[in-house]
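Below are the chains, spelled out letter by letter.
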Amino acid sequence: MSTKDFIEKDYYKVLGVPKDATEAEIKKAYRKLAREFHPDANKGNAKAEERFKEISEANDILGDTKKRKEYDEARTLFGNGGFRPGPGAQGGSFNFDLGDLFGGGAQQGGGQGGGFGGGIGDVFGGLFNRGGPGPGTGTRTQPRRGQDIESEVTLSFTEAVDGATVPLRMSSQAPCKACSGTGDANGTPRVCPTCVGTGQVARGSGGGFSLTDPCPDCKGRGLIAENPCEICKGSGRAKSSRTMQVRIPAGVSDSQRIRLRGKGAPGERGGPAGDLYVVVHVDAHPVFGRKGDNLTVTVPVTFAEAALGGEVKVPTLGGPAVTLKLPPGTPNGRTMRARGKGAVRKDGTRGDLLVTVEVTVPKDVSGKARDALEAYREATAGEDPRAELFQAAKGA
């Protein structure tokens, strides 16, 4: 990403959130857009793929507290793409180079007292993956952070509740093994003479100062291969596949996105690795459901158990059954709670198991059971359970 792109792109607009949006609002907006424009859901749609990259880039900045702060400060300082001169710059023009500013150099024509020094470079240097020349050297190629990778995994209901370690096979760009990441078949690339190893070049913007873009000759690498590697064609990067054992925490929910720092694509020239984002899908369970940290289950009971009360055994997920007491006159649909039998919370404790009673009606009744029900009907013949219903209907 060039300095110009970073300053001029409105990531808040990309995600459709206000500038004072909370982390939760940003996360919600990203997930919604990511599902809509994900390449798997838009196969062969180049525009959707480009939109997905733009959304991911915006989330990478706004979803990180430090990067978001630096982004907001940069846009405030440069007025969303244009440098705001101070009070003493009336009618004058600046010979100002953003490459110097973000690289940590001093302002032209000034000493330590008149230049910006390295302060702003320190603030933004990590974000742009740039820096100034090393001490005592004329040039220094810069480390580059690896790309972020997104993958998906499908868990069973039980694995999502208890947590699981799953293998993930991922493909990403990594340093080419054939040339050790140099891009040169002999392993001896030379420093790019155009950008002098920085990977970026300055260009005039017409406003009295300069902006930086990736060097067109070395494609931002800072190095040029005299004898390009046949495998990576001189880029120093090649497709690499690897299998990683990833621990999914207990209590993860369906569609949750987990970030694993430093588990993405390897960096270049000693740069840090990117991050791995894992989107979790959870299969349904034939018996249990879930509401947040609580599990749910529907338990059938007989009419006699509901009317007279009693004890019923209830299954739990992966554990022994529990016994619940039904009070006499328990209505159909009543929900009771078995504490500590739910999903694992973030603090290690468990939610509850919510048990909903479902009164069953037998299809065929014969013999003593039928005689008993006939006797019950005669004994309760004077009761009308629908009397209040008709009274309420008339009064409405």
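Everything discussed here concerns the structure shown above.
Just so we're clear, the structure is a prediction, and the values are computed from it rather than from any experiment.

**Here we look at the nonpolar core**
Line of reasoning, step 1. Of all hydrophobic cores here, the largest spans 20 residues; its most connected members are L295, V297, V314, L353 and V355.
Line of reasoning, step 2. Of all the elements in the fold, those that place two or more residues in this core are α8 (157-162), β12 (294-301), β13 (310-316), β14 (319-326), β15 (335-338) and β16 (353-359).
Line of reasoning, step 3. With 19 residues, the next largest nonpolar core counts A29, A58, I61 and L62 among its residues.

**Here we look at the environment of R339**
Line of reasoning, step 1. If you trace the backbone, R339 turns up in the loop between β15 and β16.
Line of reasoning, step 2. A C-alpha to C-alpha distance of 8.5 Å links R339 and L354, two positions 15 residues apart in sequence.
Line of reasoning, step 3. If near-sequence neighbours (up to four positions away) are discounted, R339 is found in contact with G351 and D352.

**A few points about the state of the cysteines**
Line of reasoning, step 1. Tallied over the full model, the rule gives zero disulfides.
Line of reasoning, step 2. C229 forms no disulfide, and the closest cysteine sulfur to it belongs to C232, at a distance of 3.9 Å.

**Section: the packing of helix α3 (residues 23-37) against helix α4 (residues 46-62)**
Line of reasoning, step 1. As a packed pair, α3 and α4 sit with axes 9 Å apart at the nearest point and diverge in direction by 165°. Between α3 and α4, the angle is such that the two are roughly antiparallel. Both α3 and α4 take part in a crossing whose hand is left-handed. For the pair α3 and α4, contact is made by I26, Y30, L33, A34 and F37 and by A48, R51, F52, I55, S56, N59 and L62, respectively.
Line of reasoning, step 2. Broken down by class, the residue content of the contact of α3 with α4 amounts to nine nonpolar, two polar and one charged.

**Here we look at the environment of Q200**
Line of reasoning, step 1. Within the element layout of this structure, Q200 appears in strand β5 (residues 200-204).
Line of reasoning, step 2. With relative accessibility at 14%, the residue Q200 sits in the buried group.
Line of reasoning, step 3. Between the C-alpha atom of Q200 and that of R221, which follows or precedes it by 21 residues, the distance is 8.6 Å.

**Regarding the environment of L223**
Line of reasoning, step 1. Within the fold, L223 resides in strand β7 (residues 223-224).
Line of reasoning, step 2. The class for L223 is buried, based on a relative accessible area of 15%.
Line of reasoning, step 3. Placed 34 residues apart in sequence, L223 and P189 show a C-alpha to C-alpha distance of 6.1 Å.

**Concerning the sheet that holds β15**
Line of reasoning, step 1. Ordered by their spatial adjacency, four strands build an open sheet running β11-β12-β16-β15, and the pairing between neighbours is mixed. Two strands bound the open sheet, and with one partner strand each, they are β11 (289-291) and β15. Along the sheet, successive strands turn relative to each other by an average axial angle of 35°, direction set aside.
Line of reasoning, step 2. Where β12 meets β16, seven bridges bridge the pair, whose relative direction is parallel. Its bridge partner being in β16, T298 is matched across the sheet by T356.

**Quick word on the layout of surface pockets**
Line of reasoning, step 1. One number sums up the size of the second largest pocket: a volume of about 640 Å³.
Line of reasoning, step 2. Contributing to the lining of the second largest pocket are 28 residues, with K27, R31, R257, I258 and R259 lying nearest its centre.
Line of reasoning, step 3. Put simply, the parts of the chain that give the lining of the second largest pocket at least two residues each are α3, α4 and β9 (257-260).
Line of reasoning, step 4. Element by element, the count of residues in the lining of the second largest pocket is highest for α3, at five residues.

About the thresholds
- Residues numbered from 1 in each chain as written.
- Predicted model: local features only at pLDDT ≥ 70, side-chain atom pairs only at ≥ 80, totals over all residues.
- Heavy atoms only, no water.
- Core = buried A, V, L, I, M, F, W, Y, C linked by side-chain atoms within 4.5 Å.
- Buried < 20%, exposed > 50% of the residue type's maximum accessible area, 1.4 Å probe, protein only.
- Helix = DSSP H or I, 4+ residues; strand = E, 2+ residues; numbered from the N terminus.
- Contact = heavy atoms within 4.5 Å.
- Disulfide = S-S within 2.5 Å.
- Axes fitted to C-alpha atoms, helices over the stretch in contact; angles between N-to-C directions.
- Parallel < 35°, antiparallel > 145°, perpendicular 65-115°, else oblique.
- Left-handed = near helix turned anticlockwise from the far one by under 90°.
- Nonpolar A, V, L, I, M, F, W, Y, C, P; charged D, E, K, R; others polar.
- Pairing = 2+ DSSP bridges.
- 1 Å grid on protein atoms, 1.4 Å probe; cavity = no way out; pocket = protein on both sides within 12 Å on 5 of 7 lines; lining within 4 Å.
- Points joined across faces, edges and corners; volume = space filled by probe spheres on them.

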